[in-house]
Protein chains: 2
Amino acid sequence: MPQEKESKIQQKLILSKSSTLFWEKGYAETSMRDIANECGFRPANIYNFFENKESILFEILFQEMEDILTPIRNLAEDESIDPRDGLKQVIANHLRMTLGEKRNAKLLFDSGLNNLSPKNRKKIIKQRDEYDRICLSIMSRGKKAGIFKCENERLAVYCIASMIARSRIWYTPDGRNSVDDIIEFMYEFSLKGLGVVKTGAKK
Amino acid sequence: MPQEKESKIQQKLILSKSSTLFWEKGYAETSMRDIANECGFRPANIYNFFENKESILFEILFQEMEDILTPIRNLAEDESIDPRDGLKQVIANHLRMTLGEKRNAKLLFDSGLNNLSPKNRKKIIKQRDEYDRICLSIMSRGKKAGIFKCENERLAVYCIASMIARSRIWYTPDGRNSVDDIIEFMYEFSLKGLGVVKTGAKK
DNA sequence: TTTTTATTTATGAACGACCATTCATTAAAA
DNA sequence: TTTTAATGAATGGTCGTTCATAAATAAAAA
């Protein structure tokens, strides 16, 4: 029975509670007391599992970015995948990660970068660069194949990623649009925006 | 000679310096001492011109939103304007406001809402609703005229607005793309995304 | 114009609150 | 017995804000 070590359990508890608090109230507005309260112990105990407040933030940002990256890492080099499907996978995966669990989500990712030490900030930015690279490679292949007719691939990536990332702001789980609706809409919108006239597979 | 009153001058100075600091460092991370330092006097003096820190934030957010709204208020009802031109005006105006002066811009607008009192927050949200209404009315007219072929107008508005608002994150004034480049790209991208096949006027 | 009065602008010092973090110590688990 | 988990108390710091007061400016009266 590979029972998880106690220390790992508490670490995960702290990360989980902190994540909710950071997203809801913001990093600066969340105190170590808030986190400890939510976990059911005193603030001092947090320091048995984390070096300081910043390391908690970093762990959260890094893991979340990793969750976004992992399912699409293969898309960058795999030449056998239709760029349209690649685009759809990126959009669907990112949107599901973004809108899936969290509620009342604010923009921890963007504002939180400022609260990181230069060393940790660099690590997150490296993840972002990888995300950009994956998307760009899909764009390039789509363009080379004559499917995408976009002039500025980088701007296209930024625009599409912006639509996705910002959905955190306006999306409400009980609204008129499901996550799947949004995925479908953004995919079609992006495809047309990229100059793809006829939808490939009518699925 | 309509010389400005001293009190108004200091108020504007405080607002200007605070705006820069809030955008660069974030609201919570900016102290009244920071603001006073930037203005060249002591913190206590700020309270001769503003009730408290929150009222400064509110004034900034409200004014900025007003700057975005004012130039496009006429677009909501004016039936004589081509929806394509309406769309372009919204994009161009908003982007110019967003990317124009500020640098190192973070997402004050989104995270800052949490720091407002319920009463003030309601006022800003009212402005946002007006923005949405203007965009939606342009969409509807474009759709009714058979120009836009979008199915979900609300999602379309959110997507386009997201591209614009988030450009604050990735835009750099010294980068490869000028503001005008971005305007042109987003306009074309949105137009195609909305199903407009042939560009109306080729400039 | 000068002098007096009122008003505005600016200050230093202090307040209470909360902050992240440290540390010696105890309780629990291995 | 050794390691891990949890605690209470305390530290030094920063925060927004208040307040009595001083300096500067404007208005009114002489």
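The shown structure was predicted, so the numbers you read here are calculated from the model rather than taken from an experiment. In this convention, every chain numbers its residues from 1, walking through the sequence in written order. All chains are assigned letters beginning with A, and all ligands numbers beginning with 1, in the order in which they are written. Residues qualify for local features only when their pLDDT is at least 70, as the model is predicted, and side-chain atom pairs are given and counted only at 80 or more; totals for whole chains, interfaces and linings, by contrast, use all residues. Excluding hydrogens and water, the side-chain values take into account all heavy atoms of the structure.

A. Geometry of the overall build of chain A. When you go through chain A residue by residue, the secondary structure sums to 9 helices and 0 strands. Along the chain direction, N to C, the helices and strands of chain A fall in the order α-α-α-α-α-α-α-α-α. In this description, contact between two residues means that some pair of their heavy atoms is separated by no more than 4.5 Å. Pairs at least 24 apart in sequence give 72% of the contacts found in chain A among residues at least 6 apart. Of the roughly 10600 Å² of accessible surface on chain A, a fraction of 50% belongs to carbon and sulfur atoms. Starting at the N terminus, helices and strands are each numbered in turn, a helix being any DSSP run of H or I of at least four residues and a strand any DSSP run of E of at least two. Here, Shrake-Rupley sampling with a 1.4 Å probe gives the accessible areas, and only protein chains in the shown set may cover a residue.

B. Local environment of helix 5 (residues 83–99) of chain B. Residue and element names in this part refer to chain B. Residue count minus one, scaled by 1.5 Å, sets the expected span of a helix. Compared with the 24 Å implied by 1.5 Å per residue over 17 residues, the 24 Å span of helix 5 between its first and last C-alpha is a close match. Where burial is concerned, most of helix 5 is hidden: 12 out of the 17 residues are buried. Exposed residues in this analysis have more than 50% of their type's maximum accessible area, buried residues have under 20%, and partly exposed residues fall in between, with area computed by a 1.4 Å probe over protein chains only. Inspection of helix 5 places P83, R84, G86, L87, V90, I91, A92, N93, H94, L95, T98 and L99 among the buried residues, and these make up the whole buried set.

C. Main features of the interface of chain B and chain A. Contacts between the two partners involve 34 residues from chain B and, on the opposite side, 34 residues from chain A. Here the buried area means the combined drop in accessible surface, using a 1.4 Å probe, for two parts upon being joined, counting both sides. Here chain B packs against chain A, burying approximately 3200 Å² in sum over the two surfaces, 67% of which is carbon and sulfur. In terms of surface lost to chain A, no three residues of chain B exceed B:R166, B:F185 and B:F189, which account for 19% of the buried area on that side. Each salt bridge in this description consists of a side-chain nitrogen of Lys or Arg and a carboxyl oxygen of Asp or Glu lying within 4 Å of one another. For the pair chain B and chain A, the number of links is 0 salt bridges. Polar contact is defined as a pair of N or O atoms within 3.5 Å, subject to the rule that within protein one atom must be able to donate a hydrogen and the other to accept it, and that residues adjacent in sequence are counted only when both atoms are side-chain atoms. Between the two partners, chain B and chain A, sit 6 residue pairs in polar contact (both at pLDDT 80 or more).

D. Spotlight on the packing of aromatic side chains. In summary, the pairing rule links any two rings of Phe, Tyr or Trp, Trp by its six-membered ring, whose centres are within 6.5 Å, and it sorts them by plane angle into stacked for under 30 degrees, edge-to-face for over 60 and tilted for everything else. Here the structure, examined in full by the defined rule, presents 9 aromatic pairs over all chains. Considering the side-chain rings of A:F58 and A:F62, the 5.5 Å spacing of their centres and the 40 degrees angle between planes classify their relative orientation as tilted. Remark: A:F62 and A:F58 occur in helix 4 (residues 53–69); sequence separation between them is 4 residues, near one turn of the helix. Residue classification places A:F58 among the buried positions, given a relative accessible area of 10%. Of the residues examined, A:F62 reaches a relative accessible area of 27% and is grouped as partly exposed. Ring pairing ties together the aromatic residues A:F185, A:F189, B:F185 and B:F189, which thus form one cluster. Note on criteria: charge over ring means Lys NZ or Arg CZ within 6 Å of the ring centre, with the direction from the centre no more than 35 degrees off the ring normal. Against the face of A:Y27 rests A:K53, its NZ or CZ located 4.3 Å from the ring centre.

E. Just the protein's contact with DNA strand C, in detail. Residues are classed as near a molecule or strand on a simple rule: at least one heavy atom within 4 Å of it. For DNA strand C, the set of nearby residues contains 17 residues, the closest of which are A:M32, A:Y47, B:F41, B:R42 and B:N48. Considering the 4 Å shell around the protein, atoms of DNA strand C inside it are sugar or phosphate in 65% of instances. Within the side chain of B:N48, an N or O atom sits 2.8 Å from a base nitrogen of DNA strand C. Elements with a minimum of two residues in the surface near DNA strand C: helix 2 (32–39) of chain A together with helix 1 (6–25) and helix 3 (43–46) of chain B. Among the elements that make up the surface near DNA strand C, the one with the highest residue count is helix 1 of chain B (3 residues). Three classes are used: nonpolar for Ala, Val, Leu, Ile, Met, Phe, Trp, Tyr, Cys and Pro, charged for Asp, Glu, Lys and Arg, and polar for all others, with Gly counted as polar. Residue classes in the surface near DNA strand C are distributed as 6 nonpolar, 7 polar and 4 charged.

F. Structural detail: the relation of the copies chain B and chain A. What sets the superposition is a least-squares fit of C-alpha atoms, and only residues with pLDDT of at least 70 in both copies go into it. Placing chain B over chain A gives an RMSD of 0.1 Å and needs a rotation angle of 180 degrees, together with 0.0 Å of translation along the axis. Classification of the inter-copy transformation places it as that of a two-fold axis. Considering only C-alpha atoms, the residue of chain B closest to the rotation axis is B:G193, which sits at 2.1 Å. Here 100% of the interface residues in chain B have copies in chain A that are interface residues too; the copies meet face to matching face.

G. Just the protein's contact with DNA strand D, in detail. Taken together, 17 residues lie near DNA strand D, and A:R42, A:N45, A:N48, B:M32 and B:Y47 sit nearest. Looking at DNA strand D alone, sugar and phosphate atoms form 65% of those within 4 Å of the protein. Taking A:R42, its main chain carries an N or O atom lying 2.8 Å from a phosphate oxygen of DNA strand D. In the model, a phosphate oxygen of DNA strand D is placed 2.8 Å from a nitrogen or oxygen of the B:Y47 side chain. Within the residue set of the surface near DNA strand D, elements represented by two or more residues are helix 1 (6–25) and helix 3 (43–46) of chain A together with helix 2 (32–39) of chain B. Here the surface near DNA strand D takes 3 residues from helix 1 of chain A, the largest share from any one element. Of the residues in the surface near DNA strand D, the class split is 6 nonpolar, 7 polar and 4 charged.

H. Looking closely at the environment of A:E54. Note on placement: A:E54 falls in helix 4. Sequence separation of A:E54 and A:V197 is 143 residues, and the distance between their C-alpha atoms is 47 Å.

I. Here's a closer look at the state of the cysteines. Residues and elements named next belong to chain A. In this description, a disulfide is simply a cysteine sulfur pair whose atoms lie within 2.5 Å. All told, the structure shown has 0 disulfides over all chains when counted by the stated rule. Free cysteine C150: the closest other cysteine sulfur is in C159, separated by 8.9 Å. By relative accessible area, C159 is classed as buried at 0%.

J. Representation of the packing of helix 9 (residues 179–193) of chain A against helix 8 (residues 153–170) of chain B in the model. At a minimum axis distance of 11 Å, the contact between helix 9 of chain A and helix 8 of chain B shows a crossing angle of 65 degrees. Between helix 9 of chain A and helix 8 of chain B, the crossing angle belongs to the class labelled roughly perpendicular. The handedness of the crossing between helix 9 of chain A and helix 8 of chain B is right-handed. Where helix 9 of chain A abuts helix 8 of chain B, its residues A:D181, A:I182, A:F185, A:M186 and A:F189 lie against B:L155, B:A156, B:C159 and B:I160. Axis lines are fitted to C-alpha atoms, over the contacting stretch for helices. Their N-to-C directions set the angle, which ranges from 0 to 180 degrees. Note that the term roughly parallel is reserved for angles under 35 degrees, roughly antiparallel for angles over 145, roughly perpendicular for angles of 65 to 115, and oblique for everything else. Rotating anticlockwise by less than a right angle from the far helix to the near helix defines a left-handed crossing, while the corresponding clockwise rotation defines a right-handed one.

K. Structural view of the pattern of salt bridges. In this structure the tally under the stated criterion is 9 salt bridges over all chains. A salt bridge links A:E66 to A:R73, with the nearest nitrogen and oxygen atoms 3.0 Å apart.

L. Structural view of the packing of helix 5 of chain B against helix 8 of chain B. Residues and elements named next belong to chain B. For the pair helix 5 and helix 8, the least separation of the axes is 8 Å and the interaxial angle reads 20 degrees. Judged by the angle between their axes, helix 5 and helix 8 are roughly parallel. For the crossing formed where helix 5 meets helix 8, the hand is right-handed. Of the residues in helix 8, those touching helix 5 at L87, I91, H94, L95, M97, T98 and L99 are I160, I164, A165, S167 and R168. Of the residues in the contact of helix 5 with helix 8, the class split is 8 nonpolar, 3 polar and 1 charged.

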